[in-house]
Amino acid sequence: QTALQQARQRAYELGVLAGTQEATGPGVVITMTDPESLFDPTLMLGAVQELRDAGAEAIQIVGRGGSEVRVVASTWFAGSDGELVVDGTTMEGPFTITAIGDPGTLGPAMSIPGGVVATVKDKGGQGGLASGQTCKAAFQHTATRQQVIRRRGPAKRRHQPARDLCPDGIDAARCRAQGRSIRQ
């Protein structure tokens, strides 16, 4: 392989991880229905974390009406009372989660007792899992400018008086106790 081919392949792989490239490959599709609107953001976050822990390379969530979100490192979850907000997109169930990775690892990770599918059923919903098929995460993540909270007005600086130090930098009180000279 030439250096240019390797660079293109690496750029594609990083694009898949960042959600800016379409991803296709073997994986699993998880469907979750929530007839009583009992799902909360922690359930979806748990599903995403289990998929990541099992080695998912790309994850996409689709809700009713076609609302789609590509899950990336900065993806956040919020909402309450059956409402789910993922990266600022409000979503309603039923949900379909597509994860690309080794189906032999992803499938069992979702099906373990106490796992995502079992939790969905415990909450009165229905969870399904289809694995071993070719999956596609086509929706591309759009990077947004990160917001930073800043203090209003000038920063207040506290004046700290200069400390007397010994030549090796220890505090003056300890230096005097040891009978050593002090520099200012």
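Above this text is the structure in question.
Position numbers for residues start from 1 in each chain and track the written sequence from start to end. Whole-chain, interface and lining totals are the exception, using all residues; otherwise, since this is a predicted model, local features are given only for residues with pLDDT of at least 70 and side-chain atom pairs are given and counted only at 80 or more. For the side-chain quantities, the full set of heavy atoms in the structure was used; hydrogens and water were omitted.

*Asks:* For this particular structure, what's the right way to read the overall build of the chain?
*Replies:* Segments assigned H or I by DSSP are reported as helices when at least four residues long, segments assigned E as strands when at least two residues long, and all are numbered from the N terminus. Helix and strand counts for the chain come out as 5 helices and 8 strands. Overall, the chain shows an N-to-C arrangement of helices and strands of α-β-α-β-β-β-β-β-β-α-α-β-α. A burial count over the chain gives 34% of its 184 residues as buried. Only heavy atoms matter for contacts: two residues are in contact if any of them lie within 4.5 Å across the pair. For the chain, long-range pairs separated by at least 24 residues make up 65% of all intrachain contacts whose partners lie at least 6 apart in sequence. Throughout, the Shrake-Rupley method with a 1.4 Å probe supplies accessible areas, and for residues the shown protein chains are the sole cover considered. Total accessible area computed for the chain in this model is approximately 11,800 Å², and 49% of it derives from carbon and sulfur atoms. Residue exposure (1.4 Å probe, protein chains only): buried if accessible area is under 20% of the type maximum, exposed if over 50%, otherwise partly exposed.

*Asks:* Would you mind showing me how to read helix α3 (residues 103-111) here?
*Replies:* Side chains that are three or four residues apart share a direction in an α-helix, a result of its 3.6 residues per turn. Listed in full, the buried residues belonging to α3 are P103, L106, G107, A109 and M110. One side of α3 holds all its buried residues, which, seen down the axis, span an arc of 165 degrees. Where α3 begins, the capping side chain belongs to D102, and its oxygen is found 3.1 Å from the backbone nitrogen of G104. In this description, one arc is meant: the one made by directions from the helix axis to the C-beta atoms. Under the rule applied, a polar contact is a pair of N or O atoms within 3.5 Å (in protein, one hydrogen donor and one hydrogen acceptor; residues adjacent in sequence only if both atoms are side-chain atoms).

*Asks:* What's the story with the layout of surface pockets in this structure? I'm lost.
*Replies:* If you add up the space inside the second largest pocket, you get close to 170 Å³. Sorting the residues of the lining of the second largest pocket by element identifies α1 (3-18) and β1 (23-33) as the ones contributing at least two each. Of the residues that constitute the lining of the second largest pocket, the class distribution is 6 nonpolar, 3 polar and 3 charged. A pocket here means an open set of points on a 1 Å grid, computed over the protein atoms alone, that has protein on both sides within 12 Å along at least five of seven lines. A cavity is instead a set of points where a 1.4 Å probe fits but cannot get out; residues with an atom within 4 Å of a point line either one. Grid points are joined across faces, edges and corners, and a volume is the space filled by probe spheres set on the points. All residues other than Ala, Val, Leu, Ile, Met, Phe, Trp, Tyr, Cys, Pro, Asp, Glu, Lys and Arg, Gly among them, are scored as polar; the first ten of these are nonpolar and the last four charged.

*Asks:* In this structure, what is going on with the sheet that holds strand β5 (residues 84-86)? I would like to understand it.
*Replies:* Within a beta sheet, neighbouring strands are joined by backbone hydrogen bonds and run either parallel or antiparallel to one another. If you trace the 3 strands from one edge of the open sheet to the other, you get β4-β5-β6, paired in antiparallel fashion. A single partner strand is all that each edge strand has here, and the edge strands are β4 (77-78) and β6 (89-91). A strand pair is defined by DSSP finding two or more bridges across the two strands. Examined bridge by bridge, β5 and β6 share 3 bridges and lie antiparallel to one another. In the sheet register, L84 faces β6, and the bridge partner there is M91.

*Asks:* Explanation requested: the nonpolar core in the structure shown.
*Replies:* For our purposes a nonpolar core is just a set of buried Ala, Val, Leu, Ile, Met, Phe, Trp, Tyr and Cys residues, chained together by side-chain atoms within 4.5 Å. M32, M44, L51, I59, I61, F95 and I97 are the most contacted members of the largest nonpolar core, which totals 28 residues. Put simply, the parts of the chain that give this core at least two residues each are β1, α2 (41-53), β2 (58-62), β3 (68-71), β5, β7 (95-100), α3 and α4 (116-122). Among the elements that line this core, the one with the most residues is α2, at 5 residues. Excluding residues that lie within four positions of it along the chain, F95 makes contacts with I30, T31, M32, F39, M44, I61, V62, G63 and L84. V16, V29, A58 and I100 belong to the second-largest nonpolar core, a separate cluster that totals 7 residues.

*Asks:* Looking at this structure, I do not really get the pattern of salt bridges. What am I missing?
*Replies:* Criterion for a salt bridge: a side-chain nitrogen of Lys or Arg within 4 Å of a carboxyl oxygen of Asp or Glu. Throughout the structure, instances matching the rule amount to 1 salt bridge. A salt bridge links E92 to R64, with the shortest nitrogen-to-oxygen separation between them at 3.5 Å. Here R64 lies in the loop between β2 and β3 and E92 lies in the loop between β6 and β7, a separation of 28 residues in the sequence.

*Asks:* Help me understand empty space enclosed by the protein in this model?
*Replies:* A probe matching the size of a water molecule, rolled over the atoms, marks out where space remains unfilled. Throughout the structure, instances matching the rule amount to 1 cavity of 30 Å³ or more. In this structure, the largest cavity occupies an estimated 50 Å³ of space. What lines the largest cavity is a set of 10 residues, and nearest its centre among them are F39, D40, M44, L84 and F95. When residues in the lining of the largest cavity are grouped by element, the largest group, 3 residues, is from α2. For the lining of the largest cavity, a count of residues per class yields 7 nonpolar, 1 polar and 2 charged.

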